[in-house]
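Given next are the chains, with one letter for each unit.
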Amino acid sequence: MKSLLDCAKFQTHIMKSGLTPRIIDVNHLINMYSKHSVIKDVQKLFDEMPERNVFTWNAIINTYVKDKNFSIARKLFNAAPFKDYVTYNTMLSGYVNSEGFQDQAVQLFAEMQFVDKVSEYALTTMLGLVTELSLLSYGRQLHSYMLKTGNSLSRYALSSLIVMYSKCGCFRDACMVYDGSDVRFVDTVSKNTMVAACFREGELEMAQDVFSSRPQSNDEVSWNTMISGFAQNGYEEEAIQLFRRMMEEGFVWNEHSFSSVISACSGVKNLKLGKEIHVLILKEGMSLNPFLSSSLVNLYCKCGLLNYAHSVCTTTQKENPFAVTPLIVGYSETGNMLEARSLFDSLPDKNHVVWTAMISGYVKAHQREDAFQLFRELMTQKTTIPDELIFVNLLGACAIHATFNYGKQIHACILRTGTAMDAKLANSLVDMYSKSGNVTYAQRVFQLAVDIDSILYNSMIAGYALHGYENEAIQLFSQMIERDFQPDEVTFLALLSVCRHRGLVKMGEKFFFSMTKDYKISPGTDHYASMIDLYGRANQLEKAVSLMEKLPMEPDAVILGAFLNACKMNRNAELAKAAEYKLLQIEGGNGSRYAQLAGIYASEGKWNEMGRVMKMMREREAKKTAGCSWVYVGDTVHTFISGDRSHSDNDAIYTILGCLIKELPKLSSTIFLEEDLCIFC
DNA sequence: ATAGGGTTAG
């Protein structure tokens, strides 16, 4: 681009000639000043022109469009005495590329159809809009319009259509456009677009094939697309290899290459290469690039070098939410919520990613109240709309804390904000409701779900298991198989859990053997622990012992713990003692294990053994955390541990508890009091 | 002469 000085020289040259300047020369000047955003000079030139043509009008409108000053741009547009295709397209692309003006774009496009000013330019511009808004049906209409009017054949049309179909989730249509196109129109850009579309769909081989076809047409972007595609699909080593090959084959690395390869490095924690790239970035003077600084921050966070990450963040772009987000995540993971929050607060413009990171940080750090407080703040400010991930996180927090009321409110919020109910979100709701004691609500969410996957089936089966609904769980499993959803180890863990709690030994054995035989899933430690627990509860200690002997792996603490329980239920202190050594070797720091052992010996009257274990526990300073139950009443959590008499309403609570025990068939560890049962109100 | 297409971030 010519410099401002050149513009001024050109202008003096015109003026010195003493003649009335030609329109074409002034138009040229306008465009030059416009590129330098000196709008005042543009406006002055325009005002002083004795005569203007359509190029003049296009130039002035374009100046204000690029400045995002749509009120003036539109006034000029309306006032223009001549309008050609370019005039319309300039205005249209301005609307399309600015947030909040998309309605105007659609309106203008309709107007253009009316005055017969639709061109291939306008159509590809509109394709960009429907892609951004994910308006597939509108995109299809545009495609038909293009076919009908012969505007679907150029390289621009081709790439725009591929992007539109790919980003709107119709990979097959993208393929059809690409495969059905005339080779003369497939240029490097359309090819690159197709490669990117394949990666978006996870079709790595197809991406490779397209890339390798006519390799002489590949450019830097082609290579960068390949690197980022492999990195994003979890093939980090391949991405790194491609990065190296790219240079060997004579292509020059740029910001995109660096950004993608750093993210590959983060994925496999390749700190060495990451640091080398960092040096290159500094050498090339690219460290102010927000994409690069954010991926470097992310790399150092993933490798546990929070101080490096923090210094990259502060020395480059402090207010880049994409650099601050990984740091917030990093600090949250180490439990440093104060630092995380201060970074969050330092951002003047927060996108929904940052909000999600901060809220999920609180959830991970078990600061549930802070998470919900921040969520309330998010809901009161209107600029950011919570996305699915925030809801998944919050529902996870509700599930951990079994907070039915909060969970229900989040559910309502999801419905109110019109967030799409995909399998992940439905899964979180099912999990939250069943863990909060309301399996009926969980069931309703499950039944209403449209987007269903095997994980959702797992959650619902686990929900039934948690509440002892063995028939429903087993029935749902049959349905899952009938509908061709693949069960996995989690499915069988849920099924075994049902059998455990209902004492269904035969059924449990059936599932346990079937998982290997019919579904080729080898049982893990949790499955063995479940079986041992099942045998223990059914007073079949001999089967538990024989399974212990056949274990294909070293027993872990969960298996040994289950075995100890089996010993306890079957009053066999000898076998328990045999397991004691191994268990304390693995979990010598866990006080609960000593208490468990002591309990077994005590129940058999082996007081010496009990004393020995308790002494060991004291000597090793193993702490036991008390199991607790809790209820929410209003905004307050009331916590109870075994034999706890410290509550201010102690007497009332125990009186009612006595009545409840008589009436309820079984008591779960968490009791939810509906309003009419509430003893605190 | 002016307007439209591809690759980067949790």
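From a predicted model like this one, the values you see are computed outputs, not experimental measurements.

Some remarks on the UniProt feature "repeat: PPR" (unreviewed entry) in chain A
1) Next: Annotation from UniProt places "repeat: PPR" (unreviewed entry) at residues 84-119, 219-253, 351-386 and 453-487.
2) Next: A helix fraction of 74% and a strand fraction of 0% characterise residues 219-253, whose end C-alpha atoms lie 11 Å from each other.
3) Next: The annotated region residues 453-487 carries 74% helix and 0% strand content, and the separation between its end C-alpha atoms amounts to 10 Å.

Examining the environment of lysine 83
1) Next: Examined against the element boundaries, lysine 83 turns out to sit in the loop between helix H5 (70-79) and helix H6 (85-96).
2) Next: Residue classification places lysine 83 among the partly exposed residues on the basis of a relative accessible area of 28%.
3) Next: It is 9.4 Å that separates the C-alpha atoms of lysine 83 and lysine 117, two residues lying 34 residues apart in sequence.
4) Next: Excluding residues within four positions of it along the chain, lysine 83 makes contact with Val54, Phe77, Asn78, Tyr88 and Lys117.

A look at the packing of aromatic side chains
1) Next: Tallied over the entire structure, the rule returns 26 aromatic pairs.
2) Next: With 5.2 Å between their ring centres and 90° between their planes, phenylalanine 211 and tryptophan 223 make a pair best called edge-to-face. Here phenylalanine 211 is found in helix H13 (residues 204-212), whereas its partner tryptophan 223 is found in helix H14 (residues 220-232), with twelve residues between them in sequence. With respect to burial, phenylalanine 211 and tryptophan 223 carry one shared label: buried.
3) Next: Members of the aromatic cluster, connected to one another through ring pairs, are Phe477, Phe492, Phe511 and Tyr519.
4) Next: Geometry around phenylalanine 77 places lysine 83 over its ring, the cationic atom sitting 5.0 Å from the centre.

Let's talk about the protein's contact with DNA strand B
1) Next: Among the 42 residues in the neighbourhood of DNA strand B, the closest are listed as Asn89, Glu120, Asn192, Gln232 and Phe322.
2) Next: Sugar plus phosphate: this is where 26% of the atoms of DNA strand B within 4 Å of the protein reside.
3) Next: Within the side chain of threonine 193, an N or O atom sits 3.4 Å from a sugar or linking oxygen of DNA strand B.
4) Next: Taking threonine 356, its side chain carries an N or O atom lying 2.8 Å from a base nitrogen of DNA strand B.
5) Next: Element by element, the count of residues in the surface near DNA strand B is highest for helix H12 (residues 188-201), at seven residues.
6) Next: Residues that form the surface near DNA strand B fall into these classes: twelve nonpolar, 23 polar and seven charged.

What about the packing of helix H11 (residues 171-179) against H12?
1) Next: With their axes 10 Å apart at the nearest point, H11 and H12 run at an angle of 155° to one another. The orientation of H11 relative to H12 falls into the category roughly antiparallel. As H11 packs across H12, the resulting crossing turns out to be left-handed. When H11 is examined against H12, the residues Phe171, Ala174, Cys175 and Tyr178 are found in contact with a partner set consisting of Ser190, Lys191, Met194, Ala197, Cys198 and Glu201.
2) Next: Split into classes, the residues belonging to the contact of H11 with H12 amount to seven nonpolar, one polar and two charged.

A closer look at H12
Note: α-helices contain 3.6 residues per turn, so residues at a spacing of three or four share the same orientation.
1) Next: Given a rise of 1.5 Å per residue, 14 residues ought to cover 20 Å, and the 20 Å separating the end C-alpha atoms of H12 matches this to within 8%.
2) Next: Counting buried positions along H12 yields ten of 14 residues, so the element is predominantly enclosed.
3) Next: When we look at burial in H12, the residues that qualify are Thr188, Ser190, Lys191, Asn192, Thr193, Met194, Val195, Ala197, Cys198 and Phe199.
4) Next: On the buried face of H12, the contacting elements are helix H10 (155-167), H11, H13 and H14.

What to know about the pattern of salt bridges
Should the charged atoms of two oppositely charged side chains come close, the side chains can pair.
1) Next: On inspection of all chains with the given rule, the structure shows 25 salt bridges.
2) Next: Glutamate 249 is the salt-bridge partner of arginine 245, the closest N and O atoms lying 3.6 Å from each other.
3) Next: Assessed through its relative accessible area of 38%, arginine 245 is described here as partly exposed.
4) Next: Glutamate 249 sits in the partly exposed class, given a relative accessible area of 47%.

Considering a negative patch on the surface
1) Next: A cluster of acidic side chains, namely Glu201, Glu203, Glu205 and Asp209, defines a negative patch on the protein surface.
2) Next: Residue placement: glutamate 203 occurs in the loop between H12 and H13.

Some thoughts on helix H16 (residues 255-268)
1) Next: Its 14 residues give H16 an end-to-end C-alpha distance of 20 Å, which sits within 8% of 20 Å, the value for a rise of 1.5 Å per residue.
2) Next: Those residues of H16 lying buried are Ser257, Phe258, Ser259, Ser260, Val261, Ile262, Ala264, Cys265 and Ser266.
3) Next: Of the surrounding secondary structure, the elements contacted by the buried residues of H16 are H14, helix H15 (236-248), helix H17 (271-283) and helix H18 (290-302).
4) Next: Once H16 ends, the next one or two residues include lysine 269, with phi positive near 55°.

What counts, and where the lines are drawn
- The written sequence of each chain sets the order in which its residues are numbered from 1.
- Whichever chain is written first is A, and whichever ligand is written first is 1; the rest continue in order.
- Only residues with pLDDT of at least 70 get local features here, since the model is predicted, and only at 80 or more are side-chain atom pairs given and counted; chain-wide, interface and lining totals rely on the full set of residues.
- Side-chain measures here rest on the full set of heavy atoms in the structure, leaving out hydrogens and waters.
- UniProt positions are given in the numbering used here, feature names are shortened, and annotations may be inferred rather than shown by experiment.
- Secondary structure counts use DSSP, requiring at least four H or I residues in a row for a helix and at least two E residues in a row for a strand, with both numbered from the N terminus.
- The buried label applies to any residue whose accessible area, calculated with a 1.4 Å probe on protein chains only, is under 20% of its type's maximum; exposed applies above 50%, and partly exposed to all values in between.
- Contact between two residues is taken to exist if any of their heavy atoms lie within 4.5 Å; hydrogens are not considered.
- Two rings belonging to Phe, Tyr or Trp (six-membered ring only in the last case) form a pair when the distance between their centres is within 6.5 Å. Interplanar angles under 30 degrees mark stacking, angles over 60 mark edge-to-face geometry, and anything in between is tilted.
- Working rule: Lys NZ or Arg CZ, within 6 Å of ring centre, within 35 degrees of ring normal, means a charge sits over the ring.
- Proximity is defined per residue: if any heavy atom of the residue lies within 4 Å of a molecule or strand, that residue is considered near it.
- Pairs of N or O atoms are called polar contacts if they sit within 3.5 Å, as long as, within protein, a hydrogen donor faces a hydrogen acceptor (for residues adjacent in sequence, only side-chain-to-side-chain pairs).
- Asp, Glu, Lys and Arg are counted as charged, while Ala, Val, Leu, Ile, Met, Phe, Trp, Tyr, Cys and Pro are counted as nonpolar; the rest, among them Gly, fall into the polar class.
- Angles run from 0 to 180 degrees between N-to-C directions of axes, and those axes are lines fitted to C-alpha atoms, restricted for helices to the stretch in contact.
- In these notes the angle categories are as follows: under 35 degrees is roughly parallel, over 145 is roughly antiparallel, 65 to 115 is roughly perpendicular, and the rest is oblique.
- The hand of a helix crossing depends on one turn: near helix anticlockwise from the far one by less than a right angle means left-handed, and clockwise means right-handed.
- What a helix is expected to span follows from its residue count: subtract one and scale by 1.5 Å.
- The term salt bridge refers to a side-chain nitrogen of Lys or Arg lying within 4 Å of a carboxyl oxygen of Asp or Glu.
- Exposure above 30% relative accessible area and the absence of a salt bridge qualify a residue for a patch, where like charges join within 9 Å and nonpolar side chains (Val, Leu, Ile, Met, Phe, Trp, Tyr) within 5 Å.
- Accessible surface area values rest on a Shrake-Rupley calculation with a 1.4 Å probe, where residue burial reflects the displayed protein chains alone.
- Neither His nor the chain ends contribute to the count of charged residues, in which Lys and Arg are positive and Asp and Glu negative.
- Charged groups are reduced to one reference atom each: NZ for lysine, CZ for arginine, CG for aspartic acid, CD for glutamic acid.

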